Amino acid sequence: MNKKQTRIIGHIDMDAFFAAVEEKDHVWMKGKPVAVGSDPLEGRGRGVVSTANYKAREYGIRSATPISVAWRLSQQAVKKGEPSVIFVQPNFERYRQESKQIMEIIRKHSPLIEQASIDEAYFDLSETGSFDKAVQVASEIQKEILEKQQLSASIGIGPNKLIAKIASDFQKPCGLTVVNEKEAEKFLEPMNLRKIPGIGPKTQQFLKEKGAEIIRDLKKYTAEELEKMLGKLGLVIYEKIRGIDFAPLVSEWKAKSIGEQETFHADSLDLHFLMERIEALCESVHLRLKRGEFTSFKTVVVTVRFSDFETKSRSCTLKEKANDAKTIKFEAIRLSLPFFMGTENPEHKKIRLLGVRIENLA
Ligand code: TTP
Ligand code: MG
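To keep things clear, this report deals only with the structure shown in the data block. The model shown is predicted, which means the values in this text are computed figures rather than measured ones.

Side note on the overall build of the protein
Tallying secondary structure elements over the protein gives 13 helices and twelve strands in all. Principal-axis analysis of the C-alpha atoms places the extent of the protein at approximately 75 × 45 × 45 Å. Of the contacts formed within the protein by residues at least 6 apart in sequence, a portion of 64% connects residues at least 24 apart. Total accessible area on the protein is roughly 19100 Å²; 51% of this is exposed by carbon and sulfur atoms. When the 58 positive and 51 negative side-chain charges of the protein are each reduced to one mean point, those points stand 2 Å apart.

Here's the deal with the coordination of the magnesium ion (ligand 2)
Taken together, the protein ligands of the magnesium ion (ligand 2) are Asp-13 (OD), Met-14 (O) and Asp-119 (OD), with distances of 2.0 to 2.2 Å. Each of the six donor atoms bound to the magnesium ion (ligand 2) contributes to angles spanning 85 to 177 degrees, and the resulting shape is octahedral. We note that the donor set of the magnesium ion (ligand 2) lies within a single chain, spaced as D-M-x104-D. Placement of the pair is Asp-13 in strand 1 (residues 9–14) and Asp-119 in the loop between strand 5 (113–117) and strand 6 (120–124), with a sequence separation of 106 residues. With relative accessibility at 16%, the residue Asp-13 sits in the buried group.

What about the site of ligand 1?
Taken together, 13 residues sit near ligand 1, with Asp-13, Ala-16, Thr-51, Tyr-54 and Arg-57 positioned nearest. One of the side-chain nitrogen or oxygen atoms of Thr-51 is found 2.5 Å away from an oxygen atom of ligand 1. In this structure, an oxygen atom belonging to ligand 1 sits 2.8 Å away from a side-chain N or O atom of Arg-57. Computed on the free molecule, ligand 1 has an accessible area of 550 Å², of which 68% lies beneath the protein chains in the complex. Contributing elements (two or more residues each) for the shell around ligand 1: strand 1, helix 1 (17–25), strand 3 (49–52) and helix 2 (54–57). Broken down by class, the residue content of the shell around ligand 1 amounts to five nonpolar, three polar and five charged.

Some thoughts on the packing of helix 4 (residues 92–109) against helix 5 (residues 131–149)
The geometry of helix 4 relative to helix 5 is characterised by a closest axis approach of 10 Å and an angle of 145 degrees between their N-to-C directions. In this structure, helix 4 meets helix 5 at a crossing whose hand is right-handed. Counting all contacts with helix 4, which are made through Glu-98, Gln-101, Ile-102, Ile-105, Ile-106, Lys-108 and His-109, the residues of helix 5 involved are Val-137, Glu-140, Ile-141, Glu-144, Ile-145, Lys-148 and Gln-149. Looking at side-chain class alone, the contact of helix 4 with helix 5 contains six nonpolar, three polar and five charged residues.

Quick word on the pattern of salt bridges
For the coordinates displayed, the defined rule picks out 30 salt bridges. The salt bridge partner of Lys-219 is Glu-185, with a shortest N-O separation of 2.8 Å. One end of the pair, Lys-219, is in the loop between helix 9 (215–218) and helix 10 (223–230); the other, Glu-185, is in helix 7 (residues 184–188), and 34 residues separate them in sequence. Note on Lys-219: relative accessible area 18%, which makes it buried. The salt bridge partner of Arg-334 is Glu-331, with a shortest N-O separation of 2.8 Å. Of this pair, Arg-334 and Glu-331 both sit in helix 13 (residues 325–341), three residues apart, which is roughly one turn of that helix. We classify Arg-334 as partly exposed; its relative accessible area is 44%.

Focus on the nonpolar core
Counting residues in each nonpolar core, the largest one holds 33 residues, and the members touching the most others are Ile-12 and Ile-106. Of all elements in the fold, only strand 1, helix 1, strand 2 (34–37), strand 4 (86–88), helix 4, strand 6, helix 5 and strand 7 (153–158) reach the threshold of two or more residues within this core. Among the elements that take part in this core, helix 5 stands out by supplying six residues, more than any other. With residues up to four places along the chain from it excluded, the contact list for Ile-12 reads Ile-106, Asp-119, Glu-120, Ala-121, Phe-123, Ile-141, Ile-145, Ala-153, Ser-154 and Ile-155. One finds Cys-282, Phe-306, Phe-339 and Phe-340 within the second-largest nonpolar core, a separate group that totals 28 residues.

Considering unusual backbone geometry
The general pattern is negative phi for most residues beyond glycine and trans for most peptide bonds. Cis geometry is adopted by the peptide bond preceding Pro-173, which originates at Lys-172 and carries an omega value of -10 degrees. Position of Pro-173 relative to the elements: it lies in the loop between helix 6 (161–168) and strand 8 (176–178). Even without glycine at this site, Ala-16 takes up a positive phi of about 40 degrees. By the element assignment, Ala-16 lies in the loop between strand 1 and helix 1. At Phe-309, a position not held by glycine, the phi torsion is positive, near 75 degrees. With respect to the helices and strands, the residue Phe-309 is situated in the loop between strand 10 (297–306) and strand 11 (311–322).

The rules behind these values
Residues numbered from 1 in each chain as written. Chains lettered and ligands numbered in written order. Predicted model: local features only at pLDDT ≥ 70, side-chain atom pairs only at ≥ 80, totals over all residues. Heavy atoms only, no water. Helix = DSSP H or I, 4+ residues; strand = E, 2+ residues; numbered from the N terminus. Contact = heavy atoms within 4.5 Å. Areas by Shrake-Rupley, 256 points an atom, 1.4 Å probe, with all protein chains shown as cover. Lys, Arg positive; Asp, Glu negative; His and termini not counted. Charge placed at Lys NZ, Arg CZ, Asp CG, Glu CD. Donors = N, O, S within 2.8 Å, 3.2 Å for Na, K, Ca; no water. Tetrahedral: all angles 85-135°; square planar, octahedral: opposite > 155°, others 65-115°. Buried < 20%, exposed > 50% of the residue type's maximum accessible area, 1.4 Å probe, protein only. Near = heavy atom within 4 Å. Polar contact = N/O pair within 3.5 Å; in protein donor to acceptor, adjacent residues only side chain to side chain. Nonpolar A, V, L, I, M, F, W, Y, C, P; charged D, E, K, R; others polar. Axes fitted to C-alpha atoms, helices over the stretch in contact; angles between N-to-C directions. Left-handed = near helix turned anticlockwise from the far one by under 90°. Salt bridge = Lys/Arg side-chain N within 4 Å of Asp/Glu carboxyl O. Core = buried A, V, L, I, M, F, W, Y, C linked by side-chain atoms within 4.5 Å.

Shown next, in the form of structure tokens:
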């Protein structure tokens, strides 16, 4: 009954989404380069390209290309005997309709889905029980979207959201990439640092100056060194470049929650220290409750991550709503003590991270 279920997460991202919908609605565009964006006004237009289909990308046109540049690239292509780009202004209502139908298709195949943008979503495939079965489901989703919506999608499957998302982008368009938990770390190694959420252009530049161009280069640093260089982000990056990510899927219907967590500088099993950190986390959660739109909670959740990354959560739901810091602390300590000194931690493993969350907010 207690058998640990492998976590299997899918991420879907539609191929050249806005442009693909336009091609579907206007059959005569099929096979031609299409750019969706502001009006090019024969090269005098301001604004940018929202997206371009794959044919137009061969001209060097992509999301955020200034529309005037896109126009010029099209003119240059025409001079070389290539077809000119078809410029279309976006019809967001149409894209939203398609998006809704795509999400409905995914929902039929997965019990939990988190829509992440107009054309992408995470979905939980853990219930399939294996990566092989998950691939079958993903390929059914792709097929159904292609048949019913006449749109193509790329899917990534991984042990968590981080890997699933990077995998969906790995073989676009029409890709289906599977990376299991054993392969995840190696899969990331040759990739550009920018693949890691949180590493933007500035951090990338900073790390480049330190000699790190790809993810493998960053692995020579310890967690402490990365933290010294980048603060808290450094600790997050330390985990992500090793393919570690515990972020849950958040479906629209899930009750909101307020949570705080802390990764320690050094793993610890010092009771005094852990109790102090739990209390501090409870204080910040309570402060956020007081400042926010909710006035009460009914559920308290604690998360404990051990030094070997095993992660456990325990929760309790009160009989009545509460709103005070004392209740959060009382429950959080009661739930976490067995991990610090008792039955939940028989091997006396040190603790790497603690989290406190309140749910069932009203
Ligand atoms: P993306 O999924 O980033 O791009 P895409 O679907 O067009 O192409 P890909 O095959 O690489 O996934 O974004 C989804 C849609 O969001 C895209 O079709 C248009 C819109 N969009 C913008 O309007 N501006 C932008 O800068 C980006 C990146 C996307
Ligand atoms: Mg897309």
